[in-house]
Amino acid sequence: CGRGPGGCRGGRTDMALRCVASLAAGRQPRGPRREGTVRWSSAAKASAVKINEKASREKILTLESMNPQVKAVEYAVRGPIVLKAGEIEKELRKGIKKPFTEVIKANIGDAHAMGQRPITFLRQVVALCTYPNLLDSPSFPEDAKKRARRILQGCGGNSLGSYTASQGINCIREDVASYIERRDGGVPADPDNIYLTTGASDGISAILKILISGGGKSRTGVMIPIPQYPLYSAAISELDAIQVNYYLDEENCWALNVNELRRALNEAKAYCNPKVLCIINPGNPTGQVQNRKCIEDVIHFAWEEKLFLLADEVYQDNVYSEGCQFHSFKKILYEMGPEYYNNVELASFHSTSKGYMGECGYRGGYMEVINLHPEIKGQLVKLLSVRLCPPVSGQAAMDIVVNPPVPGEESYAQFIKEKESVLNNLAKKAKLTEDMFNKIPGVHCNPLQGAMYAFPRIFIPSKAIEEAKAHKMAPDMFYCMKLLEETGICVVPGSGFGQREGTYHFRMTILPPVEKLKILLEKVKDFHIKFLEKYA
């Protein structure tokens, strides 16, 4: 600063501060650029020592002091093996030689990262919403412009950059309700029961947050399938709830058996209060598609045991096997009659990230919650309002999923061609993956009826299990780490999803292009045979 009324000499003050910092760093201070010597008082030196002490004091936030629930969270899909894959990628960029030229990240269902092309119509509408000046461009079809104008009219200031209502833009919630009615053959849907979310994960976490309560043996128990998508175990850990495992039947194509639900429930009642039942249909990581009878049995079980149902249905468009069909829990619940439909509390989830869209980055999603107590509904809206609103571009993307072009509209032919191309390709890759895995000695893969993953069972010899223990690794983590280091293929060990004791698996996405998927599967085959030879 310049000289103030009191005659402050800013230059000297700055110089003094610089020299104190130099002392703190252990350097000899430099004087001003003029003749003469600067003398430093003992007070200045003491200040430097104090600065140094402050720089090395203990951190407030450490592993010991942090929230223990957060520390307990594990998310295998982006766990240690993915961190290792990132390290290997850096080494490849530096020119370090490996037995491969690239890392193939088959650990996550990220369609566009694997080369899937976006759906043109969806991107057109989001582009128009993002930059409304394009509404005057002849390059965009009128049906896309019509949807964009409607979405923008629902936004404050006609801008995608404004906050929306916490539940989401009203007209998009109306479109979601109409979509559900069409999908479910006329079963009524109320826009007021629709909540737009940041992907399906946001909705699942919010519902779990509002459901979990109590302490000790009264603490809420959450029933989840094993194998499961690690979002559930992570959210349960974070919320300090009790995880209640029920096992899918691998010998019966990962079917859900109500007797197993009853076993899990009865055992859990000894140490918690089970009141939530989570279903993933089609399954992740297992790919099974539940038939109508199975869903009816599950609904009856939830009604009988007074359980809140969570139906994760984000893969509802991804059904490939002949004889399999997606049935929503909402539809079956309605068709079971008013005793069930008016009483069973159900939250259903959908997303822009999967299906034929694969728009993971937009983070668009919705949940429909029915039979919620009116006062709890207010509490849910309050909870959602803390995060203000979901990403508005994601809300726009979700609108196109539920309100796509229809016959007679300009964009319909291209839209349906692109959609069918993606789904037919996935069906082809599902069959290819199943067939190739089942040709490998010591590997068994159930039919991939739906979703976008294979979850093969792998035989790991006892010698390899002992070596894994010596490295303090689960056997399938050891296997997957070796696979990554020797082939560049990144998959997720089954232990990250849960599996029966003594069985080993890994999850791999089927999203890579067909030719690349064939190469990947051949590499897995060669690796597995060498692995058995080494450790047998």
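Throughout this document, residue positions are counted from 1 along each chain, in the order its sequence is written. pLDDT decides what is reported in this predicted model: residues at 70 or higher carry local features, side-chain atom pairs at 80 or more are listed and counted, and totals for whole chains, interfaces and linings draw on all residues regardless. Hydrogens are left out, water is left out, and the side-chain values use all remaining heavy atoms of the structure.

Tallying secondary structure elements over the chain gives 19 helices and 14 strands in all. Considering only residue pairs separated by 6 or more positions, the chain has 70% of its internal contacts joining residues 24 or more positions apart. Only the protein chains shown count as covering a residue, and every accessible area follows the Shrake-Rupley method with a 1.4 Å probe. Taken as a whole, the chain presents about 25,900 Å² of accessible surface, with 51% of it coming from carbon and sulfur. In this text, helices come from DSSP runs of H or I with a minimum length of four residues, and strands from runs of E with a minimum of two, each type numbered from the N-terminal end. By the convention used here, residues are in contact when the closest approach between their heavy atoms is within 4.5 Å.

What follows concerns the packing of aromatic side chains. When the centres of two rings from Phe, Tyr and Trp lie within 6.5 Å, Trp using its six-membered ring, the rings pair. Their planes under 30 degrees apart give stacked, over 60 give edge-to-face, and anything left gives tilted. Within the structure shown, the criterion is met by 14 aromatic pairs. Relative to F506, the ring of F437 lies with its centre 5.8 Å away and its plane at 70 degrees, an arrangement referred to as edge-to-face. One end of the pair, F437, is in helix 16 (residues 412-437); the other, F506, is in strand 14 (residues 506-509), with 69 residues separating them in the sequence. Of the two residues examined, F437 and F506, each falls in the buried class. The interplanar angle of 80 degrees and the centroid separation of 5.2 Å between the aromatic rings of Y479 and F527 together place this pair among those described as edge-to-face. Residue Y479 is located in helix 18 (residues 475-487), and its partner F527 is located in helix 19 (residues 514-535); the two are separated by 48 residues in the primary sequence. Exposure remark for Y479: the relative accessible area of 0% places this residue in the buried category. Accessibility here uses a 1.4 Å probe with only protein chains present; expressed as a share of the type maximum, an area under 20% marks a residue as buried, one over 50% as exposed, and anything in between as partly exposed.

Attention now goes to the sheet that holds strand 8 (residues 364-370). Two strands are counted as paired when DSSP detects at least two bridges linking them. Within the open sheet, the 7 strands sit side by side as 2-8-7-6-5-3-4. Their pairing is mixed. The outermost strands of the open sheet, each flanked by one partner alone, are strand 2 (194-198) and strand 4 (242-247). Direction aside, neighbouring strands of the sheet carry axes that sit 25 degrees apart on average. Taken together, the 5 bridges between strand 2 and strand 8 define a ladder with antiparallel strand orientation. What sits directly across from T198, in strand 8, is G364. Comment: axis = line fitted to C-alpha atoms, over the contacting stretch for helices; angle = value between 0 and 180 degrees taken between N-to-C directions.

This part takes up the layout of surface pockets. The volume enclosed by the largest pocket comes to roughly 600 Å³. Together, 25 residues line the largest pocket, and Y179, Q316, D317, Y356 and K419 are the ones closest to its centre. Breaking the lining of the largest pocket down by element, the ones donating at least two residues are helix 7 (170-183), helix 15 (392-402) and helix 16. In terms of residues, the lining of the largest pocket owes the most to one element, helix 16, which gives 6 residues. Amino acid classes used here: Ala, Val, Leu, Ile, Met, Phe, Trp, Tyr, Cys and Pro are nonpolar; Asp, Glu, Lys and Arg are charged; the rest, including Gly, are polar. Considered class by class, the residues forming the lining of the largest pocket number 12 nonpolar, 6 polar and 7 charged. Annotation comment: domain bounds sourced from an automatic or database domain assignment. Looking at which domains feed residues into the lining of the largest pocket, each of domain 1 (68-103 + 414-535) and domain 2 (120-402) gives three or more. Put plainly, a pocket is an open set of points on a 1 Å grid over the protein atoms alone with protein on both sides within 12 Å along at least five of seven lines, a cavity is a set where a 1.4 Å probe fits but cannot get out, and a lining residue has an atom within 4 Å of a point. Grid points are joined across faces, edges and corners, and a volume is the space filled by probe spheres set on the points.

Attention now goes to the nonpolar core. The set of buried Ala, Val, Leu, Ile, Met, Phe, Trp, Tyr and Cys residues whose side-chain atoms join them within 4.5 Å is what this entry labels a nonpolar core. With 124 residues, the main nonpolar core has I207, L310 and F437 as its most contacted residues. Core analysis: the second largest hydrophobic core is formed by 35 residues, L256, V258, L261 and Y340 among them.

The 3 strands lie next to each other as 10-14-13, forming an open sheet whose pairing is antiparallel. With partners counted over all chains shown, the strands left at the sheet margins are strand 10 (453-454) and strand 13 (492-493), one partner each.

Turning to the pattern of salt bridges, a few remarks are in order. Opposite charge on two side chains lets them pair, provided their charged atoms get close. Here, a salt bridge means any Lys or Arg side-chain nitrogen found within 4 Å of an Asp or Glu carboxyl oxygen. Overall, the coordinates contain 27 salt bridges when judged by the stated rule. One connected set of salt bridges, linked through shared partners, spans R262, K269, E304 and E305.

Judged from the 6 bridges that link them, strand 3 (residues 220-226) and strand 4 form a sheet pairing that is parallel. By the bridge assignment, V222 is partnered in strand 4 with Q243. The handedness of the strand 3 to strand 4 crossover, carried by helix 9 (residues 231-238), is right-handed. Seen with its strands pointing away from the viewer, a crossover is right-handed if its path from the first strand over the helix to the second goes clockwise.

Okay, the side chain of S353 next. In this structure, S353 sits in the loop between strand 7 (346-351) and strand 8. Residues within four places of S353 in sequence aside, it is in contact with G358, E359, C360 and R363.

Our next topic: helix 5 (residues 120-130). Those residues of helix 5 not exposed but buried are F121, L122, Q124, V125, V126, L128 and C129. Elements that come into contact with the buried residues of helix 5 comprise helix 6 (142-153) and helix 15.

Right, let's get into the state of the cysteines. We call a pair of cysteine sulfur atoms a disulfide when they lie within 2.5 Å. Under the criterion given, the structure shown has 0 disulfides. No disulfide involves C253; its sulfur sits 7.4 Å from the nearest other cysteine sulfur, which is in C324.

Let's shift gears to the packing of helix 17 (residues 462-470) against helix 18. Between helix 17 and helix 18, whose axes approach to 8 Å, the crossing angle comes to 90 degrees. With respect to helix 18, the element helix 17 is oriented roughly perpendicular. Counted together, A464, I465, E467 and A468 of helix 17 and P475, F478 and K482 of helix 18 form the full contact between these two elements. Taken together, the residues of the contact of helix 17 with helix 18 break down into 5 nonpolar, no polar and 2 charged. By definition in this entry, angles of less than 35 degrees are roughly parallel, angles greater than 145 are roughly antiparallel, angles of 65 to 115 are roughly perpendicular, and the rest are oblique.

A separate point is the environment of Y163. Here Y163 lies in the loop between helix 6 and helix 7. Sequence-wise, Y163 and L388 are 225 residues apart; in three dimensions their C-alpha atoms are separated by 7.3 Å. Once residues lying within four places of it in the same chain are set aside, the contact partners of Y163 are L388 and C389.

Across the 11 residues that make up helix 15, a large majority, 10, are buried. Buried residues along helix 15 sit in contact with helix 5, helix 6, helix 7, strand 2, strand 7 and strand 8.

Mapped onto the fold, A264 is located in helix 10 (residues 258-268). The exposure class of A264 is buried, given its relative accessible area of 3%. C-alpha of A264 to C-alpha of Y246: the two residues are 18 residues apart in sequence and 5.6 Å apart in space.

Below, the discussion takes up the packing of helix 18 against helix 19. Where helix 18 contacts helix 19, the two axes come as close as 11 Å, and the packing angle between them is 120 degrees. Our classification of the angle between helix 18 and helix 19 gives oblique. Where helix 18 crosses over helix 19, the handedness of that crossing is right-handed. Residues F478, Y479, K482, L483, E486 and T487 of helix 18 lie in contact with helix 19, whose contacting residues are K523, V524, F527, H528, F531 and Y535. When grouped by side-chain class, the residues that make up the contact of helix 18 with helix 19 number 7 nonpolar, 2 polar and 3 charged. If you view the pair so one helix is near and one far, a crossing is left-handed when the near helix is turned anticlockwise from the far one by less than a right angle, and right-handed when it is turned clockwise.

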